[in-house]
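Each chain, letter by letter, is given below.
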Amino acid sequence: MDGSIVRLYLRDFVTFHEITLLPNNHLNLITGPNGSGKSSIMCALCLGLAGKPKVVGRASSVSEYIRYNADQATIEIELYNTKGKNYVVSRTIFRDNKSSWSIGGYACSQKEVENLASKLNIQIDNLCQFLPQDRVQDFAKMNSLTLMENTEKCIGGMEMWEKHMQLKKLGVAYMENEKILHTKMEHLSNEEQIFAGLQSAMDKMTSKKALVSKVEALKQKRAHLVYEAANNDLKMAEEMLKKKTASVNKIVEESKPMEAALGNAKRQLKACEDKLKLANSQYEKHHQSIGGAFESLEAIHAKCKENEGDFERMLAGEKRRVERIKELQLQIEFMANLLESINEQELREKEAKLAAEEKQVTREIYSQQMEKQSIENKMLNTEHQIKMINQELAKASDNSMKLQVLKTRGLYEPIMWFRKNKDKLRGRAYEPMAMVISMKEASMAKYLECVVPQRDLLAFVCEDPEDANFLMEELRDKMKYKVNVVASKPDVSMSSFARPYELQSIRKYGFYTYLSDIFSAPEAVMRYLFKNYFIHRIPIGTQDTYAMADQVPAEIRVFMTDQKKFSKRSSRYTKEAISSSYQIGDAHLLKGSVNESSIRECTARLSQLKEELQELKNVFSGHESHIEKLEGVLAGIRKRRSENKAQLSKATTTKSRLMMLQRNEEEARAVECREEDLRRNLVEANQACTSQIRSTLVGKTLGKFKGFESLIDMIRLVQLNVHKARNDVSVIEHDLSASTKKLKEAEKEERACREIFEAAKKQMLNHLKQLEELCKLRYKSKEFQNLLEKFSEYPDTLEEIDQEIHVTQTKAELIGHSDSNVIMEYDRRKKTIEGIKKVLDQMNADKKKHVEEIEAVKSCWLPFVNDLIKRVDKTFGNLLSRINYVGEVILVQGQNEFDFGNYGFKIQVKFRQEGGLQELNQFRQSGGERAVAIAVYLMSLQELTSVPFRCVDEINQGMDEYHEASVFRLLSDIVSKAGAAQYFLFTPKVLRTLTFTDNLLFTCVINGEVDNITLDCGKIAKIKKARQMKSGSK
């Protein structure tokens, strides 16, 4: 095989002056007395192939390997090369710790030698390939992580090891990010809790702000209603003005034809008057003789007629006035009686009293509402605490975390199968101990894991041994699951397990409990742990116990302090007391165990919170009932107040109406005129006219008319025409005068309407300005139209709005003043929470990318590891079974699937019939047993790897003859196979009973001055064979 050692040449190296070793391609057994230089050959192989001195662990610098009195040491190693000339690597070591290198006789650097070794898959620093004498114990001390890494290097090469290292870095980064993420989430949770506390104060402030906003909105709507009313008044005034203007225009239009007709009538009148003048001129000549008797007679007669007409008109007016007075008296009497039935002062006092009662009840309702809101906030806070405690309780009681841990150990499917098929078992059986053990304190789990090995914590427990055999057959043999099953027969009472000392008597040493008291589990599990690990006899102490460890009574063979486990035993040979201690590691399997203490605390707190919540609910219900009663009282008060206001309004209206009627009555009485006075005045006027007629109508006057009959007829005709024309003019003037009067009245009304319109317009503009100032918006803007939609939520009358404003302002006043510090703190916390959420979102996104990167590498690495562990486990188990032992190699990993730093290979062995598989370490097995396991593990790698050679120095130390012979036979069989790697086994002794094959080269190293002796090896072999036959015959 390329890289196997063909020749080793040493000069002035440690004890050797000059030697040449020519090993064979299979097993090279190198023996010799201690100190003869066997291990020096192994050191030369390490240093000659660019290994570090720390690998062999004998010296810290290479100059220490130069032989005494020599200036330099030379190592020359010839490595096999199937493709050409063998590689010859040479190293010369100088006293100043410097070295010169060459390959094939050409000088080179150490790096080139390292590259050549890597090319040939020579891994000097891998204990699975190169195990010096001083590192044999280190192999047994090697933890599962280091064992896995070395096995990866040995079998998978550097590529898979590098992927593992990459995954470790990625996993560390992932878990660091997870810690930061968890810290951030806790920070967020704390901030949210504080924020929830501030929320109550902010709710009050928000309520007040909402109330203030509501008041502003109500005032805005009130201003809008006032504006709308003013606008409606303006529209009515405008409509009335338009009507009056139209009426004026109509009258003007109607007067125009009358004015034209008046002009025509006046012209006709003038023509008639001209004719009359002419006739009158003729008449005048005769008129003087007659005098003005005729005219006076007519005037007197007309006066009489006029007096009679005035009398009739005044008489009719007087009758109407009297009837009006009577009607007013009836109305006044009715209104007075109505007003007398209404006690206005009493109504006003009642209104003031009801307003005060309403304000008081409103204040009380709001006070109750605030207390109710406070209670509701406390209820919400308590419910939130209950929810958090329930989550914590669920988390404390949840076995899913433990199940997840066991899933990484390959136990998830077996547990699921067990749950489905538990009814097939004859007796009671339990899931792996790690699932059914409940720690009273999570921090105490490390003590139990320190005593009970993981193989048992991961084992199923059956009370019936046949059930245990059934599970082993089904799960291990048929389904190939790597599980362990133990039997715990109920043949011993739990009371039979006595403690060496009562706890009270050993408290002076710092002990405060026994290991059996820190957890609870089914009786079968407790019995198994009591019988096999004596956990009822192991006390746990404090740091004070560590200081008094030497004073602890000898009967206590095992005890623990806060960080250490102490064991006491007697030596088999000297019978002396031997005490040992080692560090207690962290818990892994039981870390997620149910925390009974936390559960008790959570349960107690939960019960207390539920009681508090029920009390709060009772108080809340009481407030609701009280508020409901107060609202009923308030509704009654408002109803009575509304009725009282209606009565008060009715009284005011009646009073005003009565005063108006009384004024009308006084005005009517002021113009009283009796009918007798009118008749007396009329008779007196008529008598005066009669006397005047008698005095005027004299006989002489009548005689003069006869000569003027024709003239009078003509004059009368003309006078009739004039009279008719004058009547026409008079009628037209009368009509025109009436029209003019009507026009003046209409214009007066128009001016009054215009004044009303202007006043309404001014008032409307003032209300519009107030509305826009309150709303801070232009009336015709789109935003104002949107605001109008919100006004629909509020009352539609001014009275109701004023009432609502009063109630809302009272509520706002009861809340009190806003605390700006609380608002600032609330806003700051809110921004902090938003910032944390943004960071968490980003971290979760980064986490997703990180997981994808891990999965990409893991998808290449994990299948290789799973395949590797299967092959190693199978080979290791087969080899151990050939020497009647049981063993397995399993893949272990931490609780976190991304914690690749905790992935490892664990060797478990069983050297005795009783008990189960145990992890290979320096505490559980003897030195000989560890040596056997190490040797077998290395041999199992032999069949799986293509390394060119392996070196193991004194691996058989501590073995008895049986084990040494067994291991040697296994080794001989393995190295004899075709394609097997070269093997160097260094040992100070060789059993006489060993059988050697032709593939073995036996080399004996002797240090000292000897003569050149030639030995006949054939003769020596015959002598040895004869002795063996002789011994056999005996």
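Higher on the page you've got the structure.
No experiment lies behind these values; they were computed from the predicted model shown. (Residues numbered from 1 in each chain as written. Predicted model: local features only at pLDDT ≥ 70, side-chain atom pairs only at ≥ 80, totals over all residues. Heavy atoms only, no water.)

It is worth spelling out the overall build of the chain at this point. Across its full length, the chain carries 25 helices and 24 strands. For the chain, with 1034 residues in total, the buried portion stands at 42%. Of the contacts formed within the chain by residues at least 6 apart in sequence, a portion of 75% connects residues at least 24 apart. Entry remark: accessible area of the chain is about 58100 Å², with carbon and sulfur atoms responsible for 51%. (Helix = DSSP H or I, 4+ residues; strand = E, 2+ residues; numbered from the N terminus. Buried < 20%, exposed > 50% of the residue type's maximum accessible area, 1.4 Å probe, protein only. Contact = heavy atoms within 4.5 Å. Areas by Shrake-Rupley, 256 points an atom, 1.4 Å probe, with all protein chains shown as cover.)

Moving on to the sheet that holds strand β9 (residues 429-430). Ordered in space as β9-β11-β12, the three strands form an open sheet in which the pairing is mixed. Strands with a single pairing partner mark the edges of an open sheet, and in this sheet they are β9 and β12 (485-487). Taken together, the two bridges between β9 and strand β11 (residues 460-462) define a ladder with antiparallel strand orientation. Of the residues in β11, the one forming a bridge with Ala429 is Cys462. (Pairing = 2+ DSSP bridges.)

Let us now look at the packing of aromatic side chains. Ring pairs (aromatic) are described by centroid distance and by the angle formed between their planes. Inspection of every chain in the model, using the stated rule, returns 14 aromatic pairs. On the numbers, 5.2 Å between centres and 90° between planes, the contact of Phe497 with Phe530 is edge-to-face. Of this pair, Phe497 sits in the loop between β12 and β13 (511-514) while Phe530 sits in helix α14 (residues 523-533), and the two are 33 residues apart along the sequence. Considered together, Phe497 and Phe530 belong to a single accessibility category, that of buried residues. Joined through ring pairs, the aromatic side chains of Tyr509, Phe511, Tyr546, Phe559 and Phe566 make up one cluster. (Phe/Tyr/Trp six-rings, centres within 6.5 Å; stacked < 30°, edge-to-face > 60°.)

Compared with the 21 Å implied by 1.5 Å per residue over 15 residues, the 21 Å span of helix α24 (residues 961-975) between its first and last C-alpha is a close match. With respect to burial, α24 is a largely interior element, 11 of its 15 residues being buried. For α24, the set of buried residues is His963, Glu964, Ala965, Ser966, Val967, Phe968, Leu970, Leu971, Ser972, Ile974 and Val975. (Expected span 1.5 Å × (residues − 1).)

Below, the discussion takes up the nonpolar core. One finds Trp861, Phe905, Val936, Tyr937 and Met939 to be the most contacted residues of the largest nonpolar core, which totals 62 residues. Elements with a minimum of two residues in this core: β3 (27-31), α5 (144-290), α22 (820-881), β19 (886-892), β20 (904-910), α23 (927-942), α24 and β23 (982-987). Counting 53 residues, the second-largest nonpolar core is a separate cluster that includes Leu411, Phe460, Ala587 and Leu590. (Core = buried A, V, L, I, M, F, W, Y, C linked by side-chain atoms within 4.5 Å.)

What follows deals with the side chain of Ser940. Structurally, Ser940 can be placed in helix α23. At 2.5 Å, the side chain of Ser940 forms a polar contact with the backbone oxygen of Tyr937. Residues in contact with Ser940, not counting those within four places in the same chain, are Val872, Thr875, Phe876 and Leu879. (Polar contact = N/O pair within 3.5 Å; in protein donor to acceptor, adjacent residues only side chain to side chain.)

Within the chain, Asp12 stands out as a residue other than glycine whose phi angle is a positive 55°. The phi dihedral of Ala50 is positive, around 70°, even though this residue is not glycine. Its place among the elements puts Ala50 in the loop between α1 (38-48) and α2 (53-56). Owing to a relative accessible area of 8%, Ala50 belongs among the buried residues under this scheme.

Limitation: the analysis is restricted to geometry and does not speak to function.
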